[in-house]
Each structure stands twice: as structure tokens, then as C-alpha cells.
Amino acid sequence: MMWEKGMDKEKQYQTLLAAIESLIEGETDAIAIMATMVGELHNTVAYFDWTGFYRVTEPRLLTIGPYQGTHGCLRIPFEKGVCGACARTGKTQRVPDVHQFPGHIACSSTTASEIVVPVFNPKGELAAVLDIDSNTPDAFDEVDQRYLEQCCELLGSRM
Ligand code: SME
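Calculation notes
- Chains are numbered independently. Their residues run from 1 in the order of the written sequence.
- In keeping with the predicted nature of the model, local features appear solely for residues at pLDDT of at least 70, side-chain atom pairs appear and are counted solely at 80 or more, and the whole-chain, interface and lining totals rest on all residues.
- Where side-chain values are given, they derive from all heavy atoms of the structure, hydrogens and water being excluded.
- Numbering goes from the N terminus for both helices and strands, where a helix is a DSSP run of H or I of at least four residues and a strand is a run of E of at least two.
- Given a helix with a known number of residues, its expected span is that number minus one, times 1.5 Å.
- Exposed residues in this analysis have more than 50% of their type's maximum accessible area, buried residues have under 20%, and partly exposed residues fall in between, with area computed by a 1.4 Å probe over protein chains only.
- Whether two residues are in contact is decided by their heavy atoms, any of which lying within 4.5 Å being enough.
- For this analysis, a polar contact is any N or O atom pair within 3.5 Å, provided that within protein one partner can donate a hydrogen and the other can accept it, and provided that sequence-adjacent residues contribute only side-chain to side-chain pairs.
- Note on disulfides: each one is a pair of cysteine sulfur atoms within 2.5 Å.
- Under the pairing criterion, centres of Phe, Tyr and Trp rings, with the six-membered ring standing for Trp, must be within 6.5 Å; the plane angle then separates stacked pairs below 30 degrees from edge-to-face pairs above 60, leaving the rest tilted.
- Salt bridge, as used here: a side-chain nitrogen of Lys or Arg that lies within 4 Å of a carboxyl oxygen of Asp or Glu.

K.L.:
Residues and numbers for helix α4 (residues 142-156), please.
P.N.:
The first and last C-alpha atoms of α4 sit 20 Å apart over 15 residues, in line with the 21 Å expected at 1.5 Å per residue. Turning to α4, its buried residues are V143, D144, Y147, L148, C151, C152, L154, L155 and G156. Contacts from the buried residues of α4 go to α1 (9-23), α2 (30-44), β1 (50-58), β5 (113-120) and β6 (126-134). The opening residue of α4 is D141, an N-cap whose side-chain oxygen sits 2.9 Å from the backbone nitrogen of V143.

K.L.:
Provide a residue-level description of the state of the cysteines, including the pertinent values.
P.N.:
Tallied over the full model, the rule gives zero disulfides. Note on C83: no disulfide assigned, nearest cysteine sulfur contributed by C86 at a separation of 7.2 Å. Between C152, a cysteine without a disulfide, and C151, which holds the nearest cysteine sulfur, the sulfur-to-sulfur distance is 5.8 Å. With a relative accessible area of 2%, C152 lands in the buried category.

K.L.:
Residue-level account of the packing of aromatic side chains, with values.
P.N.:
Here the structure, examined in full by the defined rule, presents six aromatic pairs. Judged by centre distance (5.8 Å) and plane angle (40°), the rings of F48 and F140 are tilted. Placement of F48 in the loop between α2 and β1 and of F140 in the loop between β6 and α4 is noted, with a sequence separation of 92 residues between them. Side by side, F48 and F140 carry an identical accessibility label, which is buried. When the ring of W50 is compared with that of Y54, the centres are 6.0 Å apart and the planes differ by 25°; the resulting orientation is stacked. For the pair formed by W50 and Y54, the shared burial category is buried. Counting every residue linked through ring pairs, the aromatic cluster contains Y47, F48 and F140.

K.L.:
Break down unusual backbone geometry for me, citing the residues and quoting the values.
P.N.:
Notably, R60 is not glycine yet its phi reads approximately 60°, a positive angle. Judged by its relative accessible area of 43%, R60 falls in the partly exposed class. Even without a glycine there, the phi angle at D138 is positive, about 50°. Relative to the helices and strands, D138 resides in the loop between β6 and α4.

K.L.:
Explain the pattern of salt bridges residue by residue, including any values.
P.N.:
In total, this model carries six salt bridges according to the counting rule given. Between E10 and R146 there is a salt bridge, with its nearest N and O atoms 2.9 Å apart. Residue E10 is located in helix α1, and its partner R146 is located in helix α4; the two are separated by 136 residues in the primary sequence. Note on E10: relative accessible area 28%, which makes it partly exposed. In this structure R146 comes out as partly exposed when scored by relative accessible area, which is 37%. The residue E58 makes a salt bridge to R75 at a minimum N-O spacing of 3.8 Å. Residue E58 is found in strand β1, and its partner R75 is found in strand β3 (residues 75-77); the two are separated by 17 residues along the sequence. Here R75 falls in the partly exposed class, since its relative accessible area comes to 47%. Sharing partners across several salt bridges, the network here consists of K9, D141 and D144.

K.L.:
Describe in detail the environment of A35, supporting the description with residues and values.
P.N.:
In this fold, A35 is placed in helix α2. In the structure, A35 is positioned 33 residues away from Q68 in sequence and 9.0 Å away in space, judged by C-alpha atoms.

See the structure below:
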């Protein structure tokens, strides 16, 4: 299943989320869940060009987790980049033009826009962030945000 921007995203995301839910049924290992989510998201949505999780491994430090795409930064301090902004604020960051975002970390020169979504564990602590980069400018809208947040809630509930 593949889809392009502008198609009925609501329906496509519902199908994608249902597929993920069934794939991770009964699984409690966070890395196994992250890897499965990344594989499904990255290989389904045509405008996702880098898809991965960063995990909170030390106070105020993110470490790369499962991802698909070319190599990303291995470590991102909370003070840096869009991922850091998400980790600091605990809020989804939707960046239509990464070149306008002060402190954006450019891992790939082709990245044009990105979305970063926080993952909270059942205690309400930040456990990870989901980072998706696109080569398409302004690729992410509120529909992407809503379903990616659902995906991260699903992961967080198993952490
Ligand atoms: N999206 C980034 C960094 C790029 S990655 O390492 C793939 C940021 O937080 O600015």
C-alpha cells in the first residue's frame, strides 16, 4: 500500500494504524514495536523520506532507535534541532520549511519539511520522539499529526 499527498488520507491512515495494531498485538518490547511501526510508516507513505525514533536514554539526551532512510544523527541533546524542541516542550513540532527553523540539524541536504511527535510512557514521562523528514516542502498537515500522535500513544502505552 502506497499513497501520495492529497489522496484520502484519513482512510489510508486508518488502514495503516489498523495494520500496525494487528502486527504488534501482544508485543511489549518497545524496540520491536518501534521497528515495526517505522517499517510500516516508511514503506507506506510516499512522502516519508526518513522515518525513525529517538529514545530518551539519559537526562536531556536522545539516542537513535529504529529508523529507515539514510543515516541520522546518533545522539541529539534536548537543546538541539527539531527533535530537541519536541523533547523540551513535549509537543509535536510541525516544520513546513526546515530552512526557516533555527537550529535545525541537517542530516540530509534533501530534507525540506519535518514532523516530530513525542512519546510518553504510562507515567507521563517522555520516553522517545518519532521523527519524520520529507523531501517535499510542507508535507505534513493536521491529519498526519493526528494519526502519528495516535501511533505514538499506542507505543507509549506499551512502555
Ligand atoms: N530532524 C532533525 C535531525 C535529522 S535526523 O538526525 C534524521 C532535527 O531534529 O533537527
